[in-house]
Amino acid sequence: VGVRRRGKDMTLTYDFDVFDTRSQVAPRYDATAHAQGVGAQGTNQATLSRKHFLDYLAARPRALSRGARIVPSIKGGKAKGLKLYAIRPSSVFAELGLKNGDTIHSLDGRTLTADSEFIDGLRQALENAKSLAIDLTRRGKPMRFEFTIN
């Protein structure tokens, strides 16, 4: 390819085999398979399929940060958790049973004050943990969601 830059003629040569990104494309996301990633066990308890969630996150690396709007919940000048808004219906948050307006207080007993703590903790749990507990408030009522991850 011939180009002119700052008054100089240049020739650029590309080895297209080096730039072939087809092998780097993530697998297409299957919403039906993802919906099967959570199996109910009872009230506020469920089993999570590690494989389904890891496949989902591999296909969409930014899925956790884009799945909902997460903002600090401030009461009396102090952070009291993280409020969730604009939860996308096909997001990990929706699959976990979280709803718009929920305030997340802790993840596996760790108090949360920043969205990165929640996203990082959730990702680590989905990758490594055997269980996951989310303490939250929904419409003024405290709740606890417990998940077994296999």
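Please refer to the structure higher up on the page.
Given the structure is predicted, the values throughout are model-derived calculations rather than measurements.

With that out of the way, let us pick up the packing of aromatic side chains. By the definition in use, this model includes two aromatic pairs. An angle of 80° between the planes, with centres 6.4 Å apart, marks the rings of Phe 145 and Phe 147 as edge-to-face. One exposure class covers both Phe 145 and Phe 147, and it is buried.

Attention now moves to the environment of Ile 74. Residue position: Ile 74 is located in strand β5 (residues 69–75). On the basis of relative accessible area, Ile 74 is assigned to the exposed category, the value being 52%. The spacing of Ile 74 and Thr 113 is 39 residues in sequence and 9.5 Å in space, taken between C-alpha atoms.

Across soluble globular proteins, nonpolar side chains show a tendency to be buried alongside one another. Core analysis: the biggest nonpolar cluster contains 30 residues, and Val 92, Phe 93, Leu 98, Phe 118, Leu 122, Leu 132 and Ile 134 have the highest contact counts within it. The dominant element in this core, judged by the number of residues it contributes, is helix α5 (residues 115–128), at five residues. In this view, Leu 122 contacts Leu 64, Val 92, Phe 93, Leu 96, Leu 107 and Leu 132; residues no more than four positions away in its chain are not counted.

This part takes up the pattern of salt bridges. All chains considered together, the criterion is met by four salt bridges. Of the charged contacts in the structure, one is a salt bridge between Asp 55 and Lys 51, with a shortest N-O distance of 2.6 Å. Of the two residues, Asp 55 and Lys 51 both sit in helix α2 (residues 50–59), four residues apart, roughly one turn of that helix. For Lys 51, a relative accessible area of 58% corresponds to the exposed category. Salt-bridge contacts for Asp 135 lead to Arg 144; the nearest nitrogen and oxygen are separated by 2.8 Å. Asp 135 sits in the buried class, given a relative accessible area of 18%. The exposure class of Arg 144 is partly exposed, given its relative accessible area of 38%. Overlapping salt bridges, with partners in common, bring together Asp 135, Arg 144 and Glu 146 in one network.

Right, let's get into the pairing of strand β10 (residues 141–149). The sheet contact formed by strand β4 (residues 45–48) and β10 spans four bridges and is parallel. Pairing of Leu 48 across the sheet is with Ile 149, part of β10. Pairing of strand β9 (residues 131–138) with β10, which is carried by eight bridges, proceeds in the antiparallel orientation. When the bridges of β10 are listed, Arg 138 appears paired with Lys 141. Counting the residues that bridge the hairpin from β9 to β10 gives two residues, and of these Arg 139 lies at a positive phi of roughly 50°.

Basis of the calculations
Residues numbered from 1 in each chain as written. Predicted model: local features only at pLDDT ≥ 70, side-chain atom pairs only at ≥ 80, totals over all residues. Heavy atoms only, no water. Phe/Tyr/Trp six-rings, centres within 6.5 Å; stacked < 30°, edge-to-face > 60°. Buried < 20%, exposed > 50% of the residue type's maximum accessible area, 1.4 Å probe, protein only. Helix = DSSP H or I, 4+ residues; strand = E, 2+ residues; numbered from the N terminus. Core = buried A, V, L, I, M, F, W, Y, C linked by side-chain atoms within 4.5 Å. Contact = heavy atoms within 4.5 Å. Salt bridge = Lys/Arg side-chain N within 4 Å of Asp/Glu carboxyl O. Pairing = 2+ DSSP bridges.

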